Amino acid sequence: MSASRRSGTTDELGPEEPGESGGSDLLAALLDGMDAALCAFDADGVVTHWNREAERILGWTAAEAVGRQGFAGWAVGPPAAPGVAGRRRSAMRAPGRQVHEFALVTKDGGRVLVRTQSAAVRGPDGQPAGVYCAFSEVHAQIDLERSIALSEALFEDASWGVVLVDADLRPAVVNAHAARSLGLGRTSALGRPLGELLAQGVEELEAALTHVLAEGAPPAPADLWVTVRTPEGDKRRCWRSGFVRLASPLAEEPVPLGVGWLFEDVTEAKPGEQEAALLRFRTNQLHRAARAAAECEDPVEAATVHLDFALAGYADPALVDRLAGGPRAEGEPGPVRLVRLAATPAGAPGPSLLTGAAGLPVRYREGHPALRCVERTGTVRADAGPVPAERAREWALERQWPGDAVHALCAVLRSRGRTLGVVTFLRGAGRSRFERSDAAYAEDVAVRIAMALDLAEAVRERPPE
């Protein structure tokens with residue numbers, strides 16, 4: 001309960017007239033509801049008002065504070081009392097507000113550093129009738145100032161986009177970086193639906209914002225692909241986005257005010273990240289395949305193990321063809337004939353199956369990618385191209401491949417300076433064509449398969465002991 005001098009007393013509020021008790025009660029309620037501590041002094045320096053926040057900070061109740069002469073002897077130590085009193089008197093004479101920092105003494109004898117704002121209270125005649133003093137703990141004031149400074153810096157100088165989105169999923173504040181990323185002015189983006197700001201990716205963004213409003217901030221940033229309209233045309237961008245839910249600190253229960261959306265353009269770095277992740281995965285697959293193949297008694301089985309591990313995330317079916325008549329040196333004349341050694345099941349996952357026990361050559365036509373691979377002693381890529389599905393099926397069947405294959409890569413099997421055969425990796429329409437990095441991986445796998453097949457050939461040729 002805040003207190004002020006009442007019955008028989010006149011202060012800066014003026015005398016209390018009959019029927020005006022409601023106004024005094026309203027004033028007391030307003031003072032007690034303030035977040036800042038507030039006290040007031042009359043022209044003689046006597047405390048006239050003391051609210052609950054002042055009681056919380058210093059421990060002195062309104063009944064104990066009101067009526068005291070200044071702060072000296074109870075809320076301020078003797079050495080500092082003259083200086084504090086002088087600041088109070090100067091605030092009564094000076095125009096506007098004065099800000100000071102000094103230490104006050106709590107009821108239990110402790111000290112608390114406060115920042116005060118003091119201003120004169122004028123009477124009906126315009127003359128100083130007293131002074132009011134609002135104060136708060138310095139650390140709380142500094143925290144507030146830091147928060148304000150952070151907000152200002154984010155919206156002026158941040159090197160990433162910052163957008164405050166209201167509860168209706170419309171931008172309420174946009175910083176300079178975000179405005180440039182959207183290709184709009186800072187004010188022209190405000191209040192507009194997100195669908196008017198982005199050509200694509202709006203559904204994913206709105207779903208993320210709705211989730212944050214309902215559940216709170218996600219534990220990690222999310223990469224969102226969006227398409228931005230620019231004078232040069234639509235551009236697809238990847239924005240690494242973080243979200244925080246904004247709630248009012250003044251409400252008794254958290255009331256969502258919107259979402260803070262922070263994002264950074266990682267479009268240029270994204271391919272590098274994806275390539276690094278793919279390289280780590282493929283290196284790990286090669287390592288696992290080598291360990292598994294080392295446990296195989298039959299070298300041919302070891303070759304199929306390498307093939308099976310290579311397919312994960314890389315290709316669909318795969319084929320291994322060996323040269324009929326045995327390995328051949330580079331440049332050795334004669335027709336190239338290939339015999340199917342192993343193949344993965346087409347249309348369903350499963351381990352590679354050994355085939356070609358009869359030793360019959362595969363009916364590859366002249367110019368087939370596998371034959372050219374042997375002739376060139378290098379990797380060959382082939383694609384069906386942008387043709388209808390039926391024509392793509394005919395293209396694959398003509399080359400003795402499964403009908404759903406539209407992309408192919410043939411890598412030569414070489415060991416000890418000799419060509420042993422060809423490994424062919426195939427992809428369906430749901431995958432992209434083979435790139436240069438894919439060819440390098442296929443060549444790594446081909447080296448391991450060739451070594452295993454060469455070992456199998458050497459074991460067969462070794463005379464029994």
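Numbers given for residues are sequential positions, taken from 1 along each chain in its written order. Given that the model is predicted, a residue must reach a pLDDT of at least 70 before its local features are reported, and side-chain atom pairs must reach 80 or more before they are shown or counted; all residues, however, enter totals for whole chains, interfaces and linings. Derived side-chain values reflect all non-hydrogen atoms in the structure, with water molecules and hydrogen atoms excluded from consideration.

Visitor: I would appreciate a short explanation of the overall build of the protein chain in the present structure.
Guide: We count a stretch as a helix when DSSP gives it H or I for four or more residues in a row; a strand needs E for two or more, and each element gets its number in order from the N terminus. Looking only at helices and strands, the protein chain features 13 helices and 19 strands. Compactness check: the protein chain gives a C-alpha radius of gyration of 41 Å against a globular reference of 23 Å for 465 residues, more than 25% above the reference. The principal-axis extent of the C-alpha atoms belonging to the protein chain is close to 125 × 55 × 35 Å. Counting only residues that meet the buried cut, the protein chain has 41% of its 465 residues in that class. Partitioning the intrachain contacts of the protein chain with sequence separation of at least 6 by distance along the chain shows that 52% fall at a separation of at least 24. Here, Shrake-Rupley sampling with a 1.4 Å probe gives the accessible areas, and only protein chains in the shown set may cover a residue. Carbon and sulfur atoms provide 54% of the accessible area of the protein chain, an area that totals close to 25300 Å². Side-chain charges of the protein chain comprise 52 positive and 63 negative groups, with the mean position of each set lying 7 Å from the other. Radius of gyration: C-alpha atoms only; globule rule: 2.2 Å multiplied by the number of residues to the exponent 0.38. Only protein chains enter the accessibility calculation, which uses a 1.4 Å probe; a residue is then buried when its area is under 20% of its type maximum, exposed when over 50%, and partly exposed in between. Here a residue-residue contact requires only that any non-hydrogen atoms of the pair lie within 4.5 Å. Here Asp and Glu are counted as negative and Lys and Arg as positive; His is not counted, and neither are the chain ends. A single reference atom marks each charge: NZ on Lys, CZ on Arg, CG on Asp, CD on Glu.

Visitor: I tried to follow the pattern of salt bridges on my own but got confused; where do I start?
Guide: Salt bridge criterion: a side-chain nitrogen from Lys or Arg within 4 Å of a carboxyl oxygen from Asp or Glu. Applying the stated criterion across every chain, the model contains 20 salt bridges. Among the ionic pairs, Asp 265 bridges to Arg 237, the shortest N-O distance being 3.0 Å. Note that Asp 265 is positioned in strand E12 (residues 256-265) and Arg 237 in strand E11 (residues 233-247), a separation of 28 residues in sequence. Sharing partners across several salt bridges, the network here consists of Asp 223, Arg 240, Lys 270 and Glu 273.

Visitor: Whenever I open this one, empty space enclosed by the protein confuses me. Can you help?
Guide: Taking a probe equal in size to a water molecule and rolling it over the atoms shows the remaining empty space. Only protein atoms enter the 1 Å grid used here. Points where a 1.4 Å probe fits but cannot escape make up a cavity, open sets with protein on both sides within 12 Å along at least five of seven lines make up a pocket, and a residue lines them when an atom lies within 4 Å of a point. Grid points are joined across faces, edges and corners, and a volume is the space filled by probe spheres set on the points. Taken as a whole, this structure holds three cavities of 30 Å³ or more when the rule is applied. Computed from the structure, the largest cavity encloses a volume of approximately 110 Å³. Contributing to the lining of the largest cavity are Phe 41, Phe 71, Val 84, Arg 87, Arg 88, His 100, Phe 102, Thr 116, Ser 118, Val 131, Tyr 132 and Cys 133. For the lining of the largest cavity, the residue count by class is seven nonpolar, three polar and two charged. Polarity classes work like this: nonpolar for Ala, Val, Leu, Ile, Met, Phe, Trp, Tyr, Cys and Pro, charged for Asp, Glu, Lys and Arg, and polar for all others, with Gly in that last group.

Visitor: What am I meant to see in the packing of aromatic side chains here?
Guide: How two aromatic rings sit relative to each other is set out by the distance from centre to centre and by the angle between their planes. Two rings from Phe, Tyr or Trp (for Trp, the six-membered ring) form a pair when their centres sit within 6.5 Å of each other. Planes less than 30 degrees apart are called stacked, planes more than 60 degrees apart edge-to-face, and all others tilted. Enumeration according to the criterion identifies twelve aromatic pairs in this entry. With centroids separated by 5.6 Å and ring planes inclined at 50°, the aromatic side chains of Trp 50 and Trp 74 adopt a geometry described as tilted. Of this pair, Trp 50 sits in strand E3 (residues 47-50) while Trp 74 sits in the loop between helix H3 (62-65) and helix H4 (81-93), placing them 24 residues apart in sequence. Trp 74 carries the same exposure label as Trp 50, and that label is buried.

Visitor: What am I meant to see in the side chain of Ser 415 here?
Guide: Within the fold, Ser 415 resides in strand E18 (residues 407-415). Judged by its relative accessible area of 11%, Ser 415 falls in the buried class. Polar contact is defined as a pair of N or O atoms within 3.5 Å, subject to the rule that within protein one atom must be able to donate a hydrogen and the other to accept it, and that residues adjacent in sequence are counted only when both atoms are side-chain atoms. Within polar-contact distance, the side chain of Ser 415 engages the side chain of Asp 454 at 2.7 Å. Among residues more than four places away in sequence, those in contact with Ser 415 are Leu 420, Ala 450, Met 451 and Asp 454.

Visitor: Honestly, the state of the cysteines in this entry has me stumped. Any pointers?
Guide: Chemically, a disulfide is nothing more than a covalent bond linking the sulfur atoms of two cysteines. Criterion for a disulfide: a pair of cysteine sulfur atoms within 2.5 Å. Inspection of the entire model under this criterion finds zero disulfides. Not engaged in a disulfide, the cysteine Cys 133 finds its nearest cysteine sulfur in Cys 39; these two sulfurs lie 4.5 Å apart. A relative accessible area of 6% places Cys 133 in the buried class.

Visitor: Sorry if this is basic, but what is going on with the nonpolar core here?
Guide: The tendency in soluble globular proteins is for nonpolar side chains to be buried side by side. Residues belong to one nonpolar core when they are buried, are Ala, Val, Leu, Ile, Met, Phe, Trp, Tyr or Cys, and are joined through side-chain atoms within 4.5 Å. Within the largest apolar cluster, 33 residues are counted, with the highest numbers of intra-cluster contacts made by Tyr 314, Val 320, Leu 413, Val 423, Phe 425, Ile 449 and Leu 453. Going through the elements one at a time, helix H9 (270-293), helix H10 (299-311), strand E13 (318-323), strand E15 (338-343), E18, strand E19 (418-427) and helix H13 (436-461) are the ones with two or more residues in this core. Top element by residues in this core is H13. It accounts for ten residues. Apart from residues no more than four positions distant in its own chain, Val 423 is found in contact with Leu 307, Leu 319, Val 320, Leu 409, Cys 410, Ala 411, Leu 413, Ala 446 and Ile 449.

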